[in-house]
Amino acid sequence: MPYRDVESVSSSNNRLITEELDYDILIIKNEFDRIFLSLTNEQRHIFLDIMSDVKENKGGVFFVYGYGGTGKNFVWKRISTTIRSDGHIVLNVALSGIASSLLPGGRTTHSRFILPFELTEDSVWKINPDDELASLLRRTSLII
Ligand SMILES: Nc1ncnc2c1ncn2[C@@H]1O[C@H](COP(=O)(O)OP(=O)(O)OP(=O)(O)O)[C@@H](O)[C@H]1O
């Protein structure tokens, strides 16, 4: 018998990873189909650029700018449903609680990454490579 992959064994015991994979794929796929055809050309370009890096595991960083109501959250929903319907992990975070509630499965950045409340220019975020959160980050395809 082959040895079991250490990362996959620890993943199955990791509450944070289990939570992030605990989406109803059928509901996600329905949501995906609903949003699929309605992206504007500009939204489609953003979607394809980001998804291309995600699929090739390139580790890119994107900054998407747009006035209020121009459809940024709409693109995040489309990207999130695409990644989740493939059984992968996307973490949706925002600085404020209200903003995070607009994102599918959203959490505040402080809560998700267990950041210190008092942040200064010199703040350093430490994470132990053996922590559940570190394993979650290793399994994560995209952070929005
Ligand atoms: N391609 C689209 N097809 C249909 N509806 C869309 C599309 N893009 C955006 N919308 C709708 O337009 C409204 C505003 O979009 P959204 O909330 O994504 O904008 P936003 O840029 O994230 O706004 P804000 O910056 O204020 O949070 C929403 O009701 C959204 O469902």
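Here, the structure is the one placed above.
Below you will find a few notes about this structure. Everything quoted here is computed from the prediction, not taken from an experiment.

Another aspect to go through is unusual backbone geometry. Positive phi, close to 55 degrees, is recorded for Asn 57, a residue that is not glycine. Along the chain, the position of Asn 57 falls in the loop between helix H4 (41–55) and helix H5 (72–85). Judged by its relative accessible area of 70%, Asn 57 falls in the exposed class. A positive phi angle, near 50 degrees, is found at Ile 114, a position not held by glycine. Along the chain, Ile 114 turns up in the loop between helix H7 (109–113) and helix H8 (132–139).

Take the packing of aromatic side chains next. On inspection of all chains with the given rule, the structure shows two aromatic pairs. Taking 6.0 Å as the distance between ring centres and 65 degrees as the angle between the ring planes, the aromatic pair formed by Tyr 65 and Tyr 67 counts as edge-to-face. You can call Tyr 67 exposed: its relative accessible area is 62%. Their ring planes at 65 degrees and their centres at 5.7 Å tell us that Phe 113 and Trp 125 sit as a pair that is edge-to-face. Placement of the pair is Phe 113 in helix H7 and Trp 125 in the loop between H7 and H8, with a sequence separation of twelve residues. With a relative accessible area of 35%, Trp 125 lands in the partly exposed category. The ring of Phe 47 carries Arg 78 above its face, with NZ or CZ at 3.8 Å from the centroid.

By size, the foremost hydrophobic cluster in this structure holds 15 residues, and its most contacted members are Trp 76, Ile 79, Ile 83 and Leu 142. Counting only elements with at least two residues in this core, the list comes to H4 and H5. Contact partners of Leu 142, with chain neighbours within four places excluded, come to Ile 50, Val 54, Ile 79, Ile 83, Ile 89, Val 90 and Leu 91. Listed in part, the nine residues of the second largest apolar core include Ile 17, Leu 91, Val 93 and Leu 136.

The grouping of Phe 63, Tyr 65 and Tyr 67 at the surface amounts to a nonpolar patch, some 500 Å² of accessible area in total. Looking at the element boundaries, Tyr 65 is found in the loop between H4 and H5. In this structure Tyr 65 comes out as exposed when scored by relative accessible area, which is 60%.

Helix length check: H4 (15 residues) gives 21 Å between terminal C-alpha atoms against 21 Å at 1.5 Å per residue, within 8%. Within H4 the residues assigned to the buried category are Gln 43, Phe 47, Ile 50, Met 51, Asp 53 and Val 54. The buried residues of H4 occupy an angular sector of 160 degrees when the element is viewed end-on, so they sit on one face. In this structure, H4 carries Asn 41, Glu 42, His 45 and Lys 55 as exposed residues pointing more than 90 degrees from its buried face. Buried residues belonging to H4 abut H5 and strand S4 (140–143).

Conventions we followed
Residues numbered from 1 in each chain as written. Predicted model: local features only at pLDDT ≥ 70, side-chain atom pairs only at ≥ 80, totals over all residues. Heavy atoms only, no water. Helix = DSSP H or I, 4+ residues; strand = E, 2+ residues; numbered from the N terminus. Buried < 20%, exposed > 50% of the residue type's maximum accessible area, 1.4 Å probe, protein only. Phe/Tyr/Trp six-rings, centres within 6.5 Å; stacked < 30°, edge-to-face > 60°. Lys NZ or Arg CZ within 6 Å of the ring centre and 35° of its normal. Core = buried A, V, L, I, M, F, W, Y, C linked by side-chain atoms within 4.5 Å. Contact = heavy atoms within 4.5 Å. Patch = residues over 30% accessible without salt bridge, like charges linked within 9 Å, V, L, I, M, F, W, Y side chains within 5 Å. Areas by Shrake-Rupley, 256 points an atom, 1.4 Å probe, with all protein chains shown as cover. Salt bridge = Lys/Arg side-chain N within 4 Å of Asp/Glu carboxyl O. Expected span 1.5 Å × (residues − 1). Arc of directions from axis to C-beta.

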